[in-house]
Amino acid sequence: MYSQANEKKLDEIITHYPVKRSAILPALYIAQEEHGYVTDEDVKYLAQRLDLRVNEVEEIVTFYTMYSRKPVGRHKIQVCRTLSCMLLGAEEITEHIEHKLGCGINETTADGRFTLQEVECLGYCDLAPCLQVNFDYHEKVTTESVDRLLDGLK
Amino acid sequence: MTKVLTNRFHLLGGACDIAVYEETGGYKALPKALKEFKPEQIIDEVKKSVLRGRGGAGFATGMKWSFVPKESKRPKYLVCNADESEPGTGKDRDLMRYDPHQLIEGMIISAFAIGSNASYIYIRGEYWYIKEILEKAVAQAYAKGYLGKNILGSGFDHDMYVHPGAGAYICGEETALLESLEGKRGHPRLKPPFPAVVGLYGGPTVVNNVETLAVVPHVILNGGEWYKALGTEKSGGTKLFTVSGHVNKPGNYEVPMGYPLMSLIENECGGMRGGRKLKACIPGGSSVPILTAEECGKMTLDYESAASLGTMLGSGGVIVMDETTDIFETTRNVTHFYKHESCGWCTPCREGTRWLYKVFERMHRYEGRPGDVELLYDLADKILGKSFCALGDAAAMPVQSAIKKFREDFERRIKTNLVKIQKAAD
């Protein structure tokens, strides 16, 4: 189902635990790496790989916010909205990105380039305001630095 | 001021390389612990240090370890809680990305003390690059014989794994974390039994915060009494504080326990941004009761001082707010957080946080009804102490303390009051 390297990685991860189902969170990241989001096939396949029922995988995917069951843009922009970032202007950052991309919160641009999300505390409170693009952190962002960042992402 | 945990921070990640860590005094405590200490002596030494859990609850670490039964049919586990997600907190992030081996060494010693042959570092999924730093560091530790079979010829075996979370604040609660690690939704478990008796996969388990475990090598090298003497009688040692908000130099600072809060703001953080006046401060992450500027002047950074002011040291997330801040809006913000992060398991928290936010929303639009401030307080009361785990309390306490101390910021949001204010202005 997955690339040879990822299948090998999954095999290895499963050995970390006395029960297979413990590998579900790391396994779902592999699914997202392969398909951009967790597809119906991923759910079925991982259920079979980890000796789970399909609904057991589904209930995990829907509980944890870092997994998506729908396609997302190539660059998932997640702006932290929680207190420390709010105090230093997170709302303005989000509004700026909305205008720039012509795309609302939880929406994807028509060209599939960007998905914009507001998320809760990312743990960069002393480096606020912050945002993540996929797994990359950007700290102390300003409207200007965000412009440069987004213009550079194809 | 003596620093214990942040001495390698200036290398900005250089100490991720095991050679650099060793050259700067690393992996000296582990051989000492394995050769010169019996497991129960390590626990005693940690008890002497008066080290208290740095994740938020502040439970005595040595005591927690001593609850683990010596004999167990099921394997024992050590779990490092690196799911740092308390708003205002980013200290474990730097402890892991700047000095991962300090944590790993602390974990191996701690595992030896409780007799555990396997440990997991449960790190929040957003910290993906730090997960990779830890994985590399763990691999280096294996290559050097600090992990694996018969560590340094001691006969002690230990395996360590890094496990990613996936964006759920509740998984910082230790029993929810264990559920998550077992591959389930992160719902908290009923206690007792406590994890020390029945934890991961049913085995006795110790769950400790990153900072707590990182202290352990220093206690072994220098002694529990030494560590304790760095702080106060009841709050031993030093602690990391993440300062965020309206200060000139936000950041992570390690100071001795008992250090005055205002000194941290004035000295380490270079004072208030723009020379403005301090209005309020949340001293231990968004879950703990807020302090007025006057209370901040009385607060020293230790567990007793926090308790005497009706707040908590929590995770050490110090959120500083100046005179331009509307405490209604900041409280609405954290209420949104708890509404979003409530795991849905118990009714008071699941429904209560939604009701709270609903009232906050109409007040935000200046459409508050007479009695809404009392309603918020009462709703918080219906959650406080009545939810399954501490997340409910964490949602309720900020609301109640903010209303008590900054009531005018809330009253302004009631529609009829606004009319009065506008009339007075005309």
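Residues numbered from 1 in each chain as written. Chains lettered and ligands numbered in written order. Predicted model: local features only at pLDDT ≥ 70, side-chain atom pairs only at ≥ 80, totals over all residues. Heavy atoms only, no water.

### A short note on the overall build of chain A
Within chain A one finds seven helices and five strands. Ordered by position from N to C terminus, the α and β elements of chain A give α-α-α-α-β-α-α-β-β-β-β-α. For the C-alpha atoms alone, the extent of chain A along its principal axes is close to 50 × 35 × 25 Å. Looking at chain A residue by residue over its 154 residues, the buried ones come to 56%. A separation threshold of at least 6 residues defines the contact pool for chain A, and within that pool the share at least 24 residues apart is 62%. (Helix = DSSP H or I, 4+ residues; strand = E, 2+ residues; numbered from the N terminus. Buried < 20%, exposed > 50% of the residue type's maximum accessible area, 1.4 Å probe, protein only. Contact = heavy atoms within 4.5 Å.)

### Notes on the interface of chain B and chain A
Counting residues at the interface gives 59 residues for chain B and 36 residues for chain A. Across the interface of chain B and chain A, roughly 3900 Å² is buried in total on both sides, 61% from carbon and sulfur atoms. Together, A166(B), R185(B) and N333(B) form the three largest contributors to the area buried by chain B at its contact with chain A, with a combined 17%. The interface formed by chain B and chain A holds one salt bridge in total. Where R93(B) meets D126(A), a salt bridge forms, and the shortest distance between an N and an O atom there is 2.9 Å. Residue composition of the side of chain B that touches chain A, grouped by class: 25 nonpolar, 23 polar and 11 charged. (Buried area = accessible area lost by both parts, 1.4 Å probe. Salt bridge = Lys/Arg side-chain N within 4 Å of Asp/Glu carboxyl O. Nonpolar A, V, L, I, M, F, W, Y, C, P; charged D, E, K, R; others polar.)

### Thoughts on the packing of aromatic side chains
According to the stated counting rule, one finds 25 aromatic pairs over all chains in the structure shown. Both rings, one in W345(B) and one in F388(B), keep their centres 6.3 Å apart while their planes meet at 75°; by these two values the pair is edge-to-face. Of this pair, W345(B) sits in the loop between α14 (327-341) and α15 (347-364) while F388(B) sits in the loop between α16 (372-383) and α17 (390-405); the two residues are 43 residues apart in sequence, bridging distant segments of the chain. One aromatic cluster is present, built from ring pairs that chain together Y17(A), Y77(B), Y120(B), Y161(B) and Y201(B). The ring of Y124(A) has R93(B) sitting right over it, with the charged end atom 4.7 Å from the ring centre. The ring centre of W355(B) lies 5.0 Å from the NZ or CZ of K358(B), which sits over that ring. (Phe/Tyr/Trp six-rings, centres within 6.5 Å; stacked < 30°, edge-to-face > 60°. Lys NZ or Arg CZ within 6 Å of the ring centre and 35° of its normal.)

### Notes on helix α6 (residues 100-114) of chain B
All names here are of chain B. Given a rise of 1.5 Å per residue, 15 residues ought to cover 21 Å, and the 21 Å separating the end C-alpha atoms of α6 matches this to within 8%. The element α6 is extensively covered by neighbouring structure, given that 15 of its 15 residues are classed as buried. With its phi angle positive at about 75°, G115 sits one or two positions after the end of α6. (Expected span 1.5 Å × (residues − 1).)

### Observations regarding the pattern of salt bridges
For the coordinates displayed, the defined rule picks out 48 salt bridges over all chains. Across the pair D40(A) and R69(A) runs a salt bridge whose closest N-O atoms are separated by 2.6 Å. Taken together, the residues span a long stretch of sequence, with D40(A) in helix α3 (residues 40-49) and R69(A) in the loop between α4 (54-63) and β1 (75-80) at a distance of 29 residues. Its relative accessible area of 26% is what places R69(A) among the partly exposed residues. One continuous salt-bridge network, built from bridges that share partners, spans R54(B), K91(B), D92(B), E211(B) and K239(B).

### A look at the sheet that holds strand β3 (residues 159-164) of chain B
Spatially, four strands are ordered β3-β2-β1-β4 (chain B) in an open sheet, and the strand pairing comes out parallel. Across the chains shown, the open sheet's two edge strands, defined by having one partner strand only, are β3 and β4 (205-209) of chain B. On average, each strand axis in the sheet is inclined to that of its neighbour by 20°, with strand direction left out of account. Relative to β3(B), helix α2 (residues 24-35) of chain A is tilted by about 55°, and along the sheet it contacts β2 (118-123) and β3 of chain B. Strands β2 and β3 of chain B of the sheet are contacted by helix α7 (residues 128-143) of chain B, whose axis makes an angle of about 170° with β3(B). (Pairing = 2+ DSSP bridges. Axes fitted to C-alpha atoms, helices over the stretch in contact; angles between N-to-C directions.)

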